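Overview (structure and organization)
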Amino acid sequence: MKRVIIVLAVVALLLSILPACGGGREVVNVYNWGEYIDEEVLEQFEKDTGIKVNYKTFETNEQLYSVLKQGGVSYDVIIPSDYMVSRLINEGMLEKINMDNIHNLTYIDESLIGMEYDPTGEYSVPYMTGTVGIIYNSRLITDEITSWGALFDEKYAGQILMFDNPRDAMGIALKYLGYSLNTTDKDQLMEAYDLLVEQKTFLQAYVMDQIFDKLESGEAAIGPYYAGDYIIMVKNNPDLKLVMPEEGTNRFVDAMCIPKGAKNKENAEAFINYMCGVEASLKNAIFVGYTSPNIEVEKLIELESYEREVVYPSDEILDNCEFFVNLPQDILDLYDELWIKLKK
Amino acid sequence: MNGHKTTSNGNGHFLRGIYHRMPAYPYVIWMALFVVIPIILVVVYAFTASDGKFTLNNFAHISDYAIVFGRSLLLALIATIICLILGYPVAYVLSKFGQSTQRIIIMLIMLPMWINFLLRTYSWMSLLENTGLINRFLAAIGLFNLINNIFGTDIRHLQMINTQGAVILGMVYNYLPFMILPIYSVIVKIDKSVIEAAQDLGANSSKVFTKVIFPLSLSGVISGITMVFVPSVSTFIISKLLGGGTQILLGDLIEMQFLGSAYNPHLGAAISLIMMIIVVICMSVMNKFGEGEEQTVIL
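Bear in mind that the values here come from a model prediction, so they are computed numbers and not experimental data. Every residue gets a number counted from 1 within its own chain, in the order that chain's sequence is written. Whichever chain is written first becomes A and whichever ligand is written first becomes 1, with later ones labelled in order. Reporting in this predicted model follows two pLDDT cut-offs: at least 70 for local features of residues, and 80 or more for side-chain atom pairs to be given and counted; totals over whole chains, interfaces and linings ignore these cut-offs and use all residues. By convention in this description, side-chain values take in all heavy atoms of the structure and omit both hydrogens and water.

Right, let's get into the sheet that holds strand S2 (residues 52-58) of chain A. Residue and element names in this part refer to chain A. Pairing between strands is defined by DSSP: at least two bridges between them are needed. A helix here means a DSSP run of H or I that spans at least four residues, while a strand means a run of E at least two residues long, and both kinds are numbered starting from the N terminus. Strand order across the open sheet formed by three strands is S2-S1-S3, with parallel pairing between neighbours. At either margin of the open sheet sits one strand with a lone partner, and together these are S2 and strand S3 (77-78). Contact between two residues is taken to exist if any of their heavy atoms lie within 4.5 Å; hydrogens are not considered. A fitted line through C-alpha atoms serves as each axis, taken over the contacting stretch for helices, and the angle formed by two N-to-C directions is quoted from 0 to 180°. Seen against the sheet, helix H2 (residues 39-49) touches strand S1 (27-33) and S2 and runs at an angle of roughly 155 degrees to S2. Across the sheet, helix H9 (residues 265-276) is in contact with S1, S2 and S3; its angle to S1 comes to roughly 50 degrees.

Further remarks concern the interface of chain A and chain B. The interface is formed by 37 residues belonging to chain A together with 37 residues belonging to chain B. Counting each side, the surface lost to burial between chain A and chain B is near 3100 Å², with a carbon and sulfur contribution of 60%. A carboxyl oxygen of Asp or Glu within 4 Å of a side-chain nitrogen of Lys or Arg is what we treat as a salt bridge. The interface formed by chain A and chain B contains one salt bridge. A salt bridge links Lys214 of chain A to Glu129 of chain B; its shortest N-O distance comes to 3.0 Å. By definition, the buried area sums, over both parts, the 1.4 Å-probe accessible area that each loses when the two are put together.

The next thing to look at is the packing of helix H5 (residues 99-110) of chain B against helix H9 (residues 164-187) of chain B. Residue and element names in this part refer to chain B. Interaxial distance between H5 and H9 falls to 10 Å at its minimum, and their mutual angle equals 155 degrees. Considered as vectors, H5 and H9 are oriented roughly antiparallel to each other. The element H5 and its partner H9 pack so that their crossing is left-handed. Two secondary-structure elements touch here, H5 through Gln102, Ile106, Ile109 and Met110 and H9 through Pro177, Ile180, Leu181 and Tyr184. Under this grouping Gly is polar, as are all residues other than the nonpolar Ala, Val, Leu, Ile, Met, Phe, Trp, Tyr, Cys and Pro and the charged Asp, Glu, Lys and Arg. When grouped by side-chain class, the residues that make up the contact of H5 with H9 number seven nonpolar, one polar and no charged. Working rule for angles: under 35 degrees goes down as roughly parallel, over 145 as roughly antiparallel, 65 to 115 as roughly perpendicular, anything else as oblique. Each crossing gets its hand from how the near helix is turned against the far one by less than a right angle, where anticlockwise is left-handed and clockwise is right-handed.

Let us now look at the state of the cysteines. Residues and elements named next belong to chain B. For the purposes of this analysis, a disulfide is any pair of cysteine sulfur atoms at a distance within 2.5 Å. Scanning the entire structure with this criterion turns up zero disulfides over all chains. Cys83 carries a free sulfur, and the closest cysteine sulfur to it, the one in Cys282, is 16 Å from it. A simple rule labels every residue: compare its accessible area, found with a 1.4 Å probe on the protein chains alone, to the largest value its type can have, and call it buried under 20%, exposed over 50%, or partly exposed in between. Taking relative accessible area as the criterion, Cys83 reaches 0% and is therefore assigned buried.

On to the side chain of Glu62 of chain A. Inspection of the secondary structure assignment puts Glu62 of chain A in helix H3 (residues 61-70). We treat Lys and Arg as the positive residues and Asp and Glu as the negative residues; His and chain ends play no part in the count. Of the buried charged residues, Glu62 of chain A lacks a salt bridge, with Arg87 of chain A as the closest side chain of opposite charge at 5.8 Å. In this structure Glu62 of chain A touches Tyr83 and Met84 of chain A together with Leu259, Gly260 and Ser261 of chain B, once residues within four positions along its chain are discounted.

Time to look at the domain arrangement of chain B. Residue and element names in this part refer to chain B. Once the domains are mapped, chain B shows domain 1 (1-46) and domain 2 (64-298). Residue ranges for the domains originate in an automatic or database domain assignment. A straight line from the C-alpha centre of domain 1 to that of domain 2 covers 34 Å. At the junction of the two partners, domain 1 supplies four residues and domain 2 supplies seven residues. Both sides of the domain 1 and domain 2 interface together cover about 490 Å² of buried area, and 84% of this is carbon and sulfur. It is Val42, Tyr45 and Ala46 that lose the most area in domain 1 upon contact with domain 2, and together they represent 82% of the buried surface on that side. At the surface where domain 1 touches domain 2, the tally comes to zero salt bridges. What qualifies as a polar contact is a pair of N or O atoms within 3.5 Å, subject to a donor-acceptor requirement within protein and to the restriction that residues adjacent in sequence count only when both atoms come from side chains. Summed over the shared surface of domain 1 and domain 2, the result is one residue pair in polar contact (both at pLDDT 80 or more). A breakdown of the residues in the side of domain 1 that touches domain 2 according to their chemical character gives four nonpolar, no polar and no charged.

Given below as structure tokens:
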């Protein structure tokens, strides 16, 4: 009897949690990277459309993936990066977007649509793009840096930082060796792994966000990071320089998608359309510091000349860039296996 | 309440039992939802593959990670011992102060816990760095110059960040209050007359401590050890920020399974389960040891 009461109480509690949403008001549930939108744009969207935005943030593509995979949450708009978009498409986790509702698509750089990660261009609309470069302190390193090789040079022992995630770290080693970022050749991957093992012996640390502090304070002298973030760092330490390595680098697109089973698909499309508008794109580009895919923004945005070089790299640099695509499961498993082996 | 322990005969008796236990139900429900169900999920995940079928495969490769298990247990053990060595005297001395002093010191011990855990660990990072506050201070007072002049070396900083020592320091700093507080709360409750009796019987102060106070405070020591050891074994952010991420701990390994590129929650659950089992074994051994001691004291 006692147990029955407890079980009933638990069930009642669960039932009261499940249909938490509801209510008459139109909503859109958005899941984006942290610090990746100008909040004024959200307020303006609510005012203009009457749709309430429930806004949540994530830190990595993999975190986004595991949240979607575990279920139990319902988002209407998500903003994963290129390779994660293609993984979500392959696993049938995305809804096709009705592009007739995205009038502002005309503003979006055509060369970014229908790329390898979303070949038909039906599942995603670009939100931001950018590149990865080497950031170094020109007071601590007086040599001219031109190559990824600097990150694997024992001369800078104890001063080098490296990405603390397998895809970016392996990608850099692969690029340095002259291979594709998306290689599925296990020998090439092993070669890249060996390079990382050697690098680890004289590496200062594996970092993500900590790189801001460590490069700005001069604790470390060199490390790879997203080029847009260099603009923030250089304001705090003018000695910092950004280089696009001669071997070529990774270019990324973060794109807006609608996950399968989204409850407010039309509102999601209204949101995506709004974000593609000139005004919203401009505000977000100024706030984030990455490159907006909106072609009008390039003309309107006020940037100092060094900033413009970072945000709008030359065609020569862009042609030398490679995008990540999703890898087959056995290669993903190998990545994780090698990464854990490297770090244990 | 003793009467309710026996099997209930009449209906009235039974209902009264429910009535008396009523206040405990919110927590029982809480525990069922957020402790029991998650543990069941961990077990289910650990013994299934991604297609949902039963498998022992997740456990087959765990020996690959033996070095990570070993490192985590060792660092947590060292941190726990340091906490005990630092924390016990503090708790003991504290219990001898006047009421108001005790309250102020307890507050000071708790004070750091009002600040976010991540923030505190981040601050240690900027303290310990080669260009950090401590190294800049040592350089400013001329310590490195002095050493370099005497030994002809070329030392510019003391390497503290990105070492295992820094990870242990992070654990000790964050979990020390969890050692002090349980020991303190047991020591203050020790009956003064027991100590007086020992003194009357001719025990000197060190005898009083080793034969009376320490044995009586053992239950606090054991809960202190548990409360430091368990979170130290499973921590993941400390090694990332203070250890440089080059030598991962169990917590990092588990996090990688859930948020890594391969996404393997089944392996993650298996590692968590093994970790829980190891911790439970450690704790039950500790408790056995504690119980025995207490009994000898009572005898």
